[in-house]
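# Coordinate inspection notes
Below are the chains, spelled out letter by letter.
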Amino acid sequence: MASLINSIRSITSDQWWFVKLGIFAAILFFVMDNDLNYPNGNPALTPVYIVIFVIMLGCASVAMHRNINNKTPLFPNMFNVFEIMNKSICSAIAILPGSLICYSCFYFIQKNILFEPFVMFVIYLCVLLFFSPFIMIPVVLYSVNGSLFDAFNIKNIYEGSGNFVVQFLSYILQFIFFICLVTYCIYFFLLQMLGDHVGLLILKTIVIVISFFSLFIFCSDLYEDVIPELKKKKKQKPKLKRKIP
């Protein structure tokens, strides 16, 4: 059954998971450390964040494909560069339509609606839940066989959207009560022991990377359970011509 804990177990099933994810955490650390030198963030680093996100998305797509098809190891290595590049571009295309529509709604709400912070959080959460199937399911469908045509299978997305929202909400609640609480306890401990230390930024980048891959692995676990299975194309056997005597 899909859950936050099972997604983390899947991550740790790769013997080199700490090294592979540690590379992304290290890259994020240096970029975010540079970003801290600017009061409102460095606009020049925005393209860098986008590139990092797309590459991580490609690695997540490889991991989802292997998770769905029970292949090992879960994460790609340095020899899978071309596969990562291909899946990075295609996964970005698959996730783009739903993400843009969701972002447009967030932007509209931010500019036109003003309530108490908690009410705004609930509104944003409801919008995210509503659009989550149109953001995540296409990436999962693409990752199954590596086909962009599968990513925009409207029938599968529509049929799985209702149950997916429920499961996605379950994941968010698990994330809040597990990851967020554990991270806060560690963060508070480091803050009391070390003060405003580089260790806090290291913790932040590690949590971001693990949370990112955990989310996509969780979504891949929903395939064939909540997300309808893609129909396999049957290969037609060539007809044998009858010989006329």
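It should be noted that the structure appears before, not after, this text.
Here's a quick rundown of the structure.

Reading the values: rules and limits
Residues numbered from 1 in each chain as written. Predicted model: local features only at pLDDT ≥ 70, side-chain atom pairs only at ≥ 80, totals over all residues. Heavy atoms only, no water. Helix = DSSP H or I, 4+ residues; strand = E, 2+ residues; numbered from the N terminus. Buried < 20%, exposed > 50% of the residue type's maximum accessible area, 1.4 Å probe, protein only. Areas by Shrake-Rupley, 256 points an atom, 1.4 Å probe, with all protein chains shown as cover. Lys, Arg positive; Asp, Glu negative; His and termini not counted. Charge placed at Lys NZ, Arg CZ, Asp CG, Glu CD. Core = buried A, V, L, I, M, F, W, Y, C linked by side-chain atoms within 4.5 Å. Contact = heavy atoms within 4.5 Å. Salt bridge = Lys/Arg side-chain N within 4 Å of Asp/Glu carboxyl O. Axes fitted to C-alpha atoms, helices over the stretch in contact; angles between N-to-C directions. Parallel < 35°, antiparallel > 145°, perpendicular 65-115°, else oblique. Left-handed = near helix turned anticlockwise from the far one by under 90°. Nonpolar A, V, L, I, M, F, W, Y, C, P; charged D, E, K, R; others polar. Expected span 1.5 Å × (residues − 1).

## Overview of the overall build of the protein
Secondary structure summary: the protein contains 8 helices and 0 strands in total. Burial statistics for the protein: of 245 residues in total, 40% are counted as buried. Accessible area for the protein stands at about 15,800 Å²; split by element, carbon and sulfur atoms hold 69% of it. Averaged over its 18 positive side-chain charges, the protein has a centre that lies 22 Å from the centre of its 12 negative ones.

## Focus: the nonpolar core
Phe164, Val209, Phe213, Phe216, Tyr223 and Ile227 are the most contacted members of the largest nonpolar core, which totals 60 residues. Residue assignment for this core shows that the elements contributing at least two residues are α1 (4-12), α2 (17-35), α3 (46-68), α4 (81-112), α5 (117-145), α7 (154-194) and α8 (198-221). Not counting residues within four places of it along the chain, the set of residues in contact with Ile227 comprises Ile137, Val140, Leu141, Phe164, Cys219 and Leu222.

## Overview of the side chain of Asp35
Here Asp35 is to be found in helix α2. Buried Asp35, no salt bridge; nearest opposite-charge side chain is Lys204, N-O distance 8.3 Å. With residues near it in sequence (within four places) discarded, Asp35 still touches Gly41, Asn42, Leu45 and Tyr49.

## A word on the packing of α7 against α8
Packing of α7 against α8 brings their axes to within 11 Å, and their N-to-C directions diverge by 165°. Classified by the angle between their axes, α7 and α8 sit roughly antiparallel to one another. Once α7 is placed against α8, the crossing between them reads as right-handed. Across from Phe164, Gln167, Phe168, Tyr171, Phe175, Ile179, Thr183, Ile186, Tyr187, Leu190 and Leu191 in α7, the residues of α8 making contact are Gly199, Leu200, Leu203, Val207, Ser211, Ser214, Leu215, Phe218 and Cys219. Looking at side-chain class alone, the contact of α7 with α8 contains 15 nonpolar, 5 polar and no charged residues.

## Re α2
The first and last C-alpha atoms of α2 sit 27 Å apart over 19 residues, in line with the 27 Å expected at 1.5 Å per residue. Every buried residue of α2 is accounted for by Lys20, Leu21, Phe24, Ala25, Leu28, Phe29, Val31, Met32 and Asp35. Contacts made by the buried residues of α2 are with α1, α3 and α8.

## Considering the packing of α3 against α5
At a minimum axis distance of 8 Å, the contact between α3 and α5 shows a crossing angle of 65°. Relative to α5, α3 is oriented so that their crossing is right-handed. For the pair α3 and α5, the contacting residues are Leu57, Ser61, Met64, His65 and Ile68 in the first and Val139, Val140, Tyr142, Ser143 and Val144 in the second. Taken together, the residues of the contact of α3 with α5 break down into 7 nonpolar, 3 polar and no charged.

## Description of the environment of Gln15
Topologically, Gln15 is positioned in the loop between α1 and α2. Between the alpha carbons of Gln15 and Val209 there is a distance of 17 Å; along the sequence they are 194 residues apart.

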